[in-house]
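Each chain, written out:
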Amino acid sequence: MSKYGLLWKWLKENNKEDYKLSYEEIRNILGFDIDHSFLTYKKELKEYGYEVSKISIKERTIIFKKIK
């Protein structure tokens, strides 16, 4: 399983159209803070039916959208 596999699985299991998760919420799911490697690993998310729509460093949030 990849470094972010728990997050990808969580998104898929909850099966919402989109999510806006704070860095803190993501840390609670994963058990660690996201880092720059997230940008590399995010392409794996398509295998789970989602994509990263927006990363806001200022708001400290990430928006995930279901691929249609």
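This write-up is about the structure you can find in this document. Owing to the predicted nature of the structure, the values given are computational and were not obtained by experimental measurement.

Rules used in this analysis
Residues numbered from 1 in each chain as written. Predicted model: local features only at pLDDT ≥ 70, side-chain atom pairs only at ≥ 80, totals over all residues. Heavy atoms only, no water. Pairing = 2+ DSSP bridges. Helix = DSSP H or I, 4+ residues; strand = E, 2+ residues; numbered from the N terminus. Axes fitted to C-alpha atoms, helices over the stretch in contact; angles between N-to-C directions. Contact = heavy atoms within 4.5 Å. Parallel < 35°, antiparallel > 145°, perpendicular 65-115°, else oblique. Nonpolar A, V, L, I, M, F, W, Y, C, P; charged D, E, K, R; others polar. Core = buried A, V, L, I, M, F, W, Y, C linked by side-chain atoms within 4.5 Å. Buried < 20%, exposed > 50% of the residue type's maximum accessible area, 1.4 Å probe, protein only.

### Re the sheet that holds strand 2 (residues 50-56)
Inference 1: Strand order across the open sheet formed by 3 strands is 1-3-2, with antiparallel pairing between neighbours. Looking at strand neighbours, the two that pair on one side only are strand 1 (18-22) and strand 2, the edges of this open sheet. With strand direction ignored, the average angle separating the axes of adjacent strands in the sheet is 20°.
Inference 2: Direction of pairing for strand 2 relative to strand 3 (residues 61-66): antiparallel, over a ladder of 6 bridges. The residue bridging S56 from the neighbouring strand is T61, located in strand 3.
Inference 3: Lying over the sheet, helix 1 (residues 5-14) contacts strand 1, strand 2 and strand 3, oriented at roughly 140° with respect to strand 1.
Inference 4: Helix 2 (residues 23-30) contacts strand 1, strand 2 and strand 3 of the sheet and is inclined by roughly 95° relative to strand 1.

### Quick word on the packing of helix 1 against helix 2
Inference 1: Where helix 1 meets helix 2, the axes come as close as 8 Å, and the angle between the chain directions of the two elements is 105°. Taken together, the axis directions place helix 1 and helix 2 in an arrangement best described as roughly perpendicular. Every residue of helix 2 that contacts helix 1 at L6, L7 and W10 is listed here: I26, I29 and L30.
Inference 2: When its residues are assigned to classes, the contact of helix 1 with helix 2 shows 6 nonpolar, no polar and no charged.

### Details of unusual backbone geometry
Inference 1: The backbone phi angle of N15 is positive, close to 50°, even though this residue is not glycine.
Inference 2: Mapped onto the secondary structure, N15 falls in the loop between helix 1 and strand 1.
Inference 3: Positive phi, close to 60°, is recorded for R60, a residue that is not glycine.
Inference 4: Tracing the sequence through the fold places R60 in the loop between strand 2 and strand 3.

### Side note on the nonpolar core
Inference 1: In this structure, L7, L11, F38 and F64 are the most contacted members of the largest nonpolar core, which totals 16 residues.
Inference 2: Listing elements by their share of this core, those giving two or more residues are helix 1, strand 1, helix 2, strand 2 and strand 3.
Inference 3: What L11 contacts, discounting residues up to four positions off in sequence, is Y19, L21, L45, Y50 and F64.

### Looking at the side chain of T61
Inference 1: Following the sequence through the fold, T61 ends up in strand 3.
Inference 2: Discounting chain neighbours no more than four positions away, the residues touching T61 are K20, L21, S22, Y23, K54, I55 and S56.

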